[in-house]
Amino acid sequence: MLFFSRGEAERSRAPAPARKSLFTSAKKSDIIIIKQMRSVYKRKYHNLKGMVIGMREIKVTLKNGEVRYFTGGVTGADIAKSIGMGLYKAACLCAVNGQTRDLRTPVTEDCDFAVLTFQDAEGAKAFRHTASHILAQAVKRLYPEAKLAIGPAIENGFYYDFDVEKPFTQEDLALIEAEMKKIVKEDLPLERFELSPEEALAYVRQQGEAYKAELIEEHAGKGEPISFFRQGEFTDLCAGPHLPSAGRVKAFALTSVTGAYWRGDATKKMLQRIYGTAFPKKEELAAYLAAVEEAKKRDHNKLGRELEYFTTVDVIGQGLPILLPKGTKVIQLLQRFVEDEEEKRGYLLTKTPLLAKRELYKISGHWDHYRDGMFVLGDPAKYEEPAEEIFALRPMTCPFQFQAYLARLRSYRDLPLRYSETSTLFRNEASGEMHGLIRVRQFTISEGHLACRPDQLKEEFAHCLELAKYMLGAIGLLEDVSFRFSLWDANDRAKYIGDPAEWETVQNTMRGILDELEIDYAEELGEAAFYGPKLDIQIKNVHGKEDTLITIQIDFQLAERFGMVYIDAEGQKKTPYVIHRTSIGCYERTLALLIEKYAGAMPLWLAPEQLRVLPITERHHEAALALEKQLKAAGLRASTDLRSEKIGYKIREAQMEKLPYMLLLGDQEAENGTVSVRRRGEGDIGSQAVAEFIQMAQEQAREKVIF
Ligand SMILES: [Zn+2]
Ligand SMILES: [Zn+2]
């Protein structure tokens, strides 16, 4: 091994004073180092002597603060080995002074050193990107005429784009996977080399790789050398970093193949994109693939249709779902809950028009900053003709609720003024973006705008956040969200209105509020609204795609644009702050996330049908219908299955529909005024008196118990 710790070094070198480079003060201990080095370097470099001359000792500070000394030129892999073989085996990359590098790259300077494993995002990325090289190598072995495009790591996996004559089939994927296994067995090292831009271009052209040539041409202007990676007979243009060898990619799978345009440009050639994933261990891969299968089953776009929550039809259009009775019921329940809770918290309801003249959106800035996202009515050729009356469906409620504020002059005593509305909005999303109930063109949001004085801003913001968290808790999603503080991007001024200094001030105020509320947030540049910064409450869908569920925004600009003022205690006109917020988000999106979270088994308080009465035979029908009436009168959503099917069949069907409760009614129950209760997830929980059961179910619904 090439290192010795500071303690050992000093013991062996004592009483040697200050450390110097190896060859200016060769001592016994140094000779030992050189001998140790030689065994390693003999393997690595032919010209040992040349390498050793000029080599100096470097100081390497490990993650735990421990300092070790190595001979300059030591590789990251060797340092990792010196720390422990377990770590070495798990190592994907290393970070040298915070810079990510291949483990094979020599370390020549004093540095802070850390090993990155698959547990680190960068490590996992290199791991999966290396798998994409193995995929490309396998494809080139099997289909030598295939042309290579690009092969990055992505979240949870990797892909590689190929230009081939015939699209790949599932059988092809199996063959390619088998070839990849062979390559992994060969355990080829990934070796980096550089060429000048001219040499690089000649090299890839000679191999007939036109896509690579295009990529090099774009870089050539910079005059920097172009890097390649070689593993066995296969070479790929690449910046890296990678694992040190292909043999480390022990567990992988090719998951799908689709068409993909070169550079995502529909005017360019359609390539074949093979997707895959890779993990260090077989068990991890198996668990991941199982989770993907499970996710497919939970996907609201599939399950929500199967369970008849919603449907879509071509003749109505993309992104315009039809909510069926079950979906509509859940949304109604959420909506009542939100409206009642907001009323308790001092909100005033408004109901404002779904469309307005272009002039309103000109004041708000939407006409100039958001027109592509709006449905504008009428002849586009006349959009800019002042005499024309041009209308547009509303993409947000703010400009409308501002008019409510403007209905009379406000005093500082009127503030804070909290408006809420169950508001339907329209956004012209691109058709490729549409997804079930999550991304739609028409949706209904628990909208609200608060106008407040500067001294009220913090408290009002905190209240909005508390309300959102309360709502998330009630539907069981609070543990699933993360918080994103969305800032403006000072380098992309066209996207925003207003003065940079004011942006900074308001963002700092908001950061202060978030810190005081001890919100664990991540900052994200360029995600602010065009009028101000926002707190986004983010959630991932079942496939891991992140979306905003709830947002709370501080707006220091639109009130002024709309001429909203209040008279302060000194009789002066002042502009209020506006908070844009939602308390449970868009109802359609929230419904989608609930379907996925609970795999269709809605919590009792939200279940469209909470319980079903199952008479054992026909002679119990009358008693069953009487029971249903009693349950409904108690505010429970019940039905009765009167079909002449076997009881086992009726139970199975109610289970498939994920009903929270089934109440079985036979001779004994009819006689005693009891029901035999089956609870979702538990099965038979025994007999209960009807009144007792009703009380229990009512309480569980009221308390929003989740089971
Ligand atoms: Zn690469
Ligand atoms: Zn708004």
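Criteria and cut-off values
Residues numbered from 1 in each chain as written. Chains lettered and ligands numbered in written order. Predicted model: local features only at pLDDT ≥ 70, side-chain atom pairs only at ≥ 80, totals over all residues. Helix = DSSP H or I, 4+ residues; strand = E, 2+ residues; numbered from the N terminus. Buried ≥ 20, exposed ≤ 12 C-beta atoms within 10 Å, placed from the backbone. Contact = placed C-beta atoms within 7 Å. Pairing = 2+ DSSP bridges. Axes fitted to C-alpha atoms, helices over the stretch in contact; angles between N-to-C directions. Parallel < 35°, antiparallel > 145°, perpendicular 65-115°, else oblique. Left-handed = near helix turned anticlockwise from the far one by under 90°. Nonpolar A, V, L, I, M, F, W, Y, C, P; charged D, E, K, R; others polar. Expected span 1.5 Å × (residues − 1). Arc of directions from axis to C-beta. Domains from an automatic or database assignment. Core = buried A, V, L, I, M, F, W, Y, C linked by C-beta atoms within 7 Å.

Looking now at the overall build of the chain. Check the secondary structure of the chain and you find 23 helices and 36 strands. In terms of overall dimensions, the chain has a C-alpha envelope of 95 × 75 × 65 Å along the principal axes. Scored against the burial criterion, the 707 residues of the chain give a buried share of 37%. Here the analysis covers contacts within the chain between residues at least 6 apart in sequence; of these, 67% occur between residues at least 24 apart.

Pairing is mixed in the open sheet, where three strands are placed in the order β22-β29-β30. Each edge of the sheet is formed by a strand with only one pairing partner; in this case those strands are β22 (410-411) and β30 (573-574). When strand β29 (residues 566-567) meets β30, the two strands line up antiparallel, connected through two bridges. Bridge pairing in β30 places isoleucine 567 opposite lysine 573.

The subject of this paragraph is the packing of helix α12 (residues 325-344) against helix α19 (residues 587-597). Interhelical geometry of α12 versus α19 gives an angle of 110° and a closest axis separation of 10 Å. Relative to α19, the element α12 lies roughly perpendicular. Between α12 and α19 lies a crossing of right-handed hand. Where α12 abuts α19, its residues Gly327, Val330, Ile331, Leu334 and Gln335 lie against Tyr587, Thr590 and Leu591. A class-by-class count of the residues in the contact of α12 with α19 yields five nonpolar, three polar and no charged.

So, on to α12. In this model, α12 (20 residues) spans 28 Å end to end at C-alpha, consistent with the 28 Å of a helix rising 1.5 Å per residue. Buried residues of α12: Lys326, Gly327, Val330, Ile331, Leu334, Val338 and Glu342, and no others. Seen along its axis, α12 keeps its buried residues to an arc of 135°; they face one direction. Along α12, exposed side chains directed more than 90 degrees from the buried face belong to Pro325, Arg336, Asp340, Glu343 and Lys344. Among the residues trailing α12, glycine 346 stands out with phi positive, at a value near 85°.

An order of β19-β23-β24-β31-β28-β27-β25-β26 is seen for the eight strands of this open sheet, with the pairing classed as mixed. Each having just a single partner strand, β19 (348-349) and β26 (521-525) make up the two edges of the open sheet. Of the strand pairs in this sheet, β19 and strand β23 (residues 417-426) are connected by two bridges, and their pairing is parallel. Among the inter-strand pairings, leucine 348 is bridged to a residue of β23, identified as tyrosine 419. Helix-sheet contacts for α12 involve β19, β23, β24 (442-452) and β31 (577-586), and the interaxial angle to β31 is about 145°. Strands in contact with α19 are β24, β27 (534-540), β28 (546-555) and β31; relative to β31, the strand with the most contacts, it is inclined by about 40°.

Quick look at the packing of helix α6 (residues 121-142) against helix α7 (residues 170-186) now. The interhelical angle for the contact between α6 and α7, taken along N-to-C directions, is 115°, at an axis separation of 8 Å. Of the possible angle classes, the one that applies to α6 and α7 is roughly perpendicular. Pair α6 / α7 crosses with right-handed handedness. Facing α6, whose interface residues are Ile134, Leu135, Gln137, Ala138, Val139, Arg141 and Leu142, α7 presents Leu175, Ile176, Glu179, Met180, Ile183 and Val184. Its residues assigned to classes, the contact of α6 with α7 comprises 10 nonpolar, one polar and two charged.

Further remarks concern the environment of alanine 136. Positionally, alanine 136 belongs in helix α6. Separated by 56 residues in sequence, alanine 136 and alanine 80 place their C-alpha atoms 29 Å apart.

Let's shift gears to the pairing of β23. Taken across its 10 residues, β23 has eight buried, putting it largely inside the fold. Pairing of β23 with β24, which is carried by 10 bridges, proceeds in the antiparallel orientation. Considered in β24, the bridge of glutamate 421 is made with glutamate 447.

For the rest of this paragraph, the subject is the domain arrangement of the chain. It is common to give the size of an interface as the accessible area lost on bringing the parts into contact. When the domains of the chain are assigned, the result is domain 1 (4-117), domain 2 (122-295), domain 3 (337-354 + 394-597) and domain 4 (604-702). Taken together, the contact pairs 10 residues of domain 1 with 10 residues of domain 2. Put simply, the parts of the chain that give the side of domain 1 that touches domain 2 at least two residues each are β5 (91-96), β6 (99-101) and β8 (111-117).

Our focus in this paragraph is the nonpolar core. With 92 residues, the main nonpolar core has Ala468, Ile579, Leu591, Met662 and Leu663 as its most contacted residues. Per-element accounting of this core gives the leading share, nine residues, to helix α16 (residues 457-475). Both of domain 3 (337-354 + 394-597) and domain 4 (604-702) provide at least three residues apiece to this core. Not counting the four nearest positions on each side in its chain, leucine 591 is found in contact with Tyr309, Gly327, Val330, Ile331 and Leu437. Counting 59 residues, the second largest nonpolar core, distinct from the first, contains Val74, Leu148, Tyr159 and Ala246.

Looking now at the pairing of β27. As a general feature of sheets, a regular strand has side chains that alternate between the two faces. Of all the seven residues making up β27, five are buried; the element is thus mostly covered by neighbouring parts of the structure. Sheet analysis places strand β25 (residues 481-487) next to β27, joined by six bridges and oriented antiparallel. Bridged to arginine 484 within β27 is aspartate 536. Hairpin connection from β27 to β28: five residues lie between these consecutive antiparallel strands, with glycine 544 at a positive phi of about 90°.

Let's shift gears to unusual backbone geometry. The peptide bond linking glycine 240 to proline 241 adopts the cis configuration, its omega dihedral lying at 0°. Locating proline 241 in the fold gives a position in the loop between β14 (234-237) and β15 (251-261). Despite not being glycine, aspartate 187 has its phi angle at roughly 50°, a positive value. Examined against the element boundaries, aspartate 187 turns out to sit in the loop between α7 and β12 (191-195). On the basis of neighbour count, aspartate 187 is assigned to the partly exposed category, with 13 C-beta atoms found within 10 Å. Notably, alanine 599 is not glycine yet its phi reads approximately 45°, a positive angle. The residue alanine 599 is located in the loop between α19 and β32 (611-615) in this model.

Our focus in this paragraph is helix α9 (residues 210-220). Among the residues making up α9, those that are buried are Tyr211, Lys212 and Ile216. Looking straight down α9, one finds its buried side chains confined to an arc of 135°; they lie on one side. Turned more than 90 degrees away from the buried face of α9 sit Glu217 and Glu218, all of them exposed. Where the residues of α9 are buried, they touch β9 (147-148), β11 (157-163), α8 (197-206), β13 (226-231) and β14.

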